[in-house]
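Chain and residue survey
Now for the letters of each chain:
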Amino acid sequence: MKRLAPWLLLTLLLAGSAFAATPLPPDSVYQFNVTLTDQDGHAQPLAARRGKVQLVSMIYTSCTMVCPMIVDTMKLTRKAVADPSRDKLALLAVSFDPARDNVDALRNYAATRKLDMRYWTLARTVPKDARALAALFGLQYRQLPDGDFNHSSELILLDTDGRIAARTTVIGRVDPVFVAAVDKALAPH
Amino acid sequence: MRAWQLSVLMLGALLAGPAVAAEYAPLPGGTFTSVLPADGKAAPAKIAPFRLRTEPVTNAEFLAFVKAHPQWRGDQVAPVFADRRYLTHWAAPDALGDALPQQPVTRVSWFAAQAYCESEQARLPTWYEWEYAAAADAHRADARRDPAWRERVLQWYSRPSSQPLPAVGGAPDVHGVRDLNGVVWEWVDDFNALLVGSDSRDQDGADKMKFCGAGAVSMQEKENYATLMRIAMLSALKAVDTTNNMGFRCAKPAEVLP
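Note that the structure is a prediction, hence the values are computed from the model and not measured. (Residues numbered from 1 in each chain as written. Chains lettered and ligands numbered in written order. Predicted model: local features only at pLDDT ≥ 70, side-chain atom pairs only at ≥ 80, totals over all residues. Heavy atoms only, no water.)

1. A few points about the overall build of chain A
When helices and strands are counted, chain A shows six helices and nine strands. The buried share of chain A, taken over its 189 residues, is 51%. Excluding contacts between residues fewer than 6 apart, the proportion of contacts in chain A whose partners are at least 24 apart in sequence is 70%. Accessible area of chain A: about 9300 Å², with a carbon and sulfur share of 59%. (Helix = DSSP H or I, 4+ residues; strand = E, 2+ residues; numbered from the N terminus. Buried < 20%, exposed > 50% of the residue type's maximum accessible area, 1.4 Å probe, protein only. Contact = heavy atoms within 4.5 Å. Areas by Shrake-Rupley, 256 points an atom, 1.4 Å probe, with all protein chains shown as cover.)

Right, here's the structure in full:
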């Protein structure tokens, strides 16, 4: 068994490049061709996030009600994950308010909310794709005449291949069942 | 082969072949009292001028689309874009069989409908655009106060869903648009924006954390329950869902005059 360990390590190291060669599972959200632009203005396809276990939600940065709690709950959930694997967990919040959430707004939000950008990504996309992303993740939002939004508040867990592994509507505190699912997704196979 | 058989075949080929470019009718838009107030209370919807496809997309048109875009064939579509029932009423992924060419296509997901509309340089209409268009009758842009309009809309809902779908091409309304009420349910772009739970009275309570923002969307015009039923139906769907009676049509922005 011990002799296998270097091979396992090598496999893990190569995993990043190996992903490119393996076809996506048919039920992967990475089947959807959409470009995300992050808080630094970097644009890349959603599928470039393949290989990371991550928590995903959709927010808008001028939101004063539940969105800050969504972000807090993502932080809390990450904190609740078992220590050694926590570093492998990425957090992604996509805006459904592309009209106001430009790159500057995302960067300011990251600073104001003191998000650790080693594992956080804030992203925007074009309006058409924001609607389709919400459809893909099973989230709902609706803009009101005053510019605010009604929206569903959920955290979604994506496995390394972009399959939705779990979701929770528990916001404002840690959902133990959801944390268990995150631990499981992060556990070495 | 006898002459009549040949002519049936040729007719079939004509109907199934790439259709002539779809027609879009201009609608002026404006301020519209929706059953879903824009602010969740009483504000009317503001609708920019737009164009709406005069008829729902048919089986023949969708067949031509999947032939040109095989990733949308029933045997190739990724399950993240459509459920297992997608196009299963066709004889094969590239053959209609008993599904008639001029019947509206159904068992299509929201993603497939969006992709089709993009192939016509169009998009799905928003809920407000659809509701506004469907308020018309042959003479008026908004016939909803007329009991005859309501009666006609409701009649469709009472028709058993096991009956075969009629062909598209009903009588045009005042805008020149056909078949909005009485043929199929239709996808809208923002089906996932309607936010009506199975019991909207609950939205202040149990769902308060699930839905942020103004929270409760109160529904107006309660006597117009045919439209409310449509909203409930759309809200209950996921983007991959396909149903026996859910079809779609597309919309475009108003034509820019030179």
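2. Some words on the packing of helix α2 (residues 59-68) of chain B against helix α3 (residues 110-119) of chain B
All names here are of chain B. The interhelical angle for the contact between α2 and α3, taken along N-to-C directions, is 85°, at an axis separation of 11 Å. Taken together, the axes of α2 and α3 are roughly perpendicular relative to one another. The segment α2 lies against α3, with Glu 61, Phe 62 and Phe 65 engaging Ala 112, Ala 115, Tyr 116 and Ser 119. Residues belonging to the contact of α2 with α3 are distributed by class as follows: five nonpolar, one polar and one charged. (Axes fitted to C-alpha atoms, helices over the stretch in contact; angles between N-to-C directions. Parallel < 35°, antiparallel > 145°, perpendicular 65-115°, else oblique. Nonpolar A, V, L, I, M, F, W, Y, C, P; charged D, E, K, R; others polar.)

3. Description of the packing of aromatic side chains
Enumeration over the complete set of coordinates arrives at 21 aromatic pairs over all chains. For the ring pair Tyr 116 of chain B and Phe 248 of chain B, a centre distance of 5.5 Å and an interplane angle of 70° mean the geometry is edge-to-face. Here Tyr 116 of chain B is found in helix α3, whereas its partner Phe 248 of chain B is found in the loop between β7 (246-247) and β8 (251-253), with 132 residues between them in sequence. Each residue in the set Phe 32 of chain A together with Trp 72, Phe 81, Trp 110, Phe 111, Trp 187 and Phe 191 of chain B is aromatic and connected to the rest through ring pairs, giving one cluster. The cationic tip of Arg 131 of chain A hangs over the ring face of Tyr 141 of chain A; the distance from NZ or CZ to the ring centre is 4.0 Å. The ring of Tyr 24 of chain B is capped by Lys 252 of chain B, whose NZ or CZ atom sits 4.4 Å from the centre of that ring. (Phe/Tyr/Trp six-rings, centres within 6.5 Å; stacked < 30°, edge-to-face > 60°. Lys NZ or Arg CZ within 6 Å of the ring centre and 35° of its normal.)

4. A look at the sheet that holds strand β4 (residues 89-95) of chain A
Strand-to-strand pairing in sheets goes through backbone hydrogen bonds, with the strands running parallel or antiparallel. Residue and element names in this part refer to chain A. Strand order in the open sheet formed by seven strands is β2-β1-β5-β4-β3-β8-β9, and the pairing between neighbours is mixed. Looking at the sheet topology across the chains shown, the edges are occupied by β2 (43-45) and β9 (164-168). Each neighbouring strand pair of the sheet contributes to a mean axis angle of 30°, computed without reference to strand direction. Here strand β1 (residues 35-38) pairs with strand β5 (residues 120-124) via two bridges, running antiparallel. Note on β5: the bridge partner recorded for Asp 38 is Ala 123. Each of β3 (53-59), β4, β5 and β8 (155-158) touches helix α2 (residues 66-80); the most contacted strand, β3, lies at about 170° to it. Helix α6 (residues 176-186) contacts β3, β4, β8 and β9 of the sheet and is inclined by roughly 20° relative to β8. (Pairing = 2+ DSSP bridges.)

5. Topic: the nonpolar core
One finds Leu 133 of chain A together with Phe 62, Trp 72, Tyr 86, Trp 187 and Phe 248 of chain B to be the most contacted residues of the largest nonpolar core, which totals 120 residues. Residues contacting Phe 62 of chain B, with those up to four places away along its chain left out, are Val 57, Tyr 86, Leu 87, Trp 90, Val 105, Val 108, Ala 112, Tyr 116 and Phe 248 of chain B. (Core = buried A, V, L, I, M, F, W, Y, C linked by side-chain atoms within 4.5 Å.)

6. A word on helix α4 (residues 127-134) of chain B
Among the eight residues that make up α4 of chain B, eight are buried, leaving the element largely enclosed by the rest of the structure. Buried residues of α4 of chain B: Trp 127, Tyr 128, Glu 129, Trp 130, Glu 131, Tyr 132, Ala 133 and Ala 134 of chain B, and no others.

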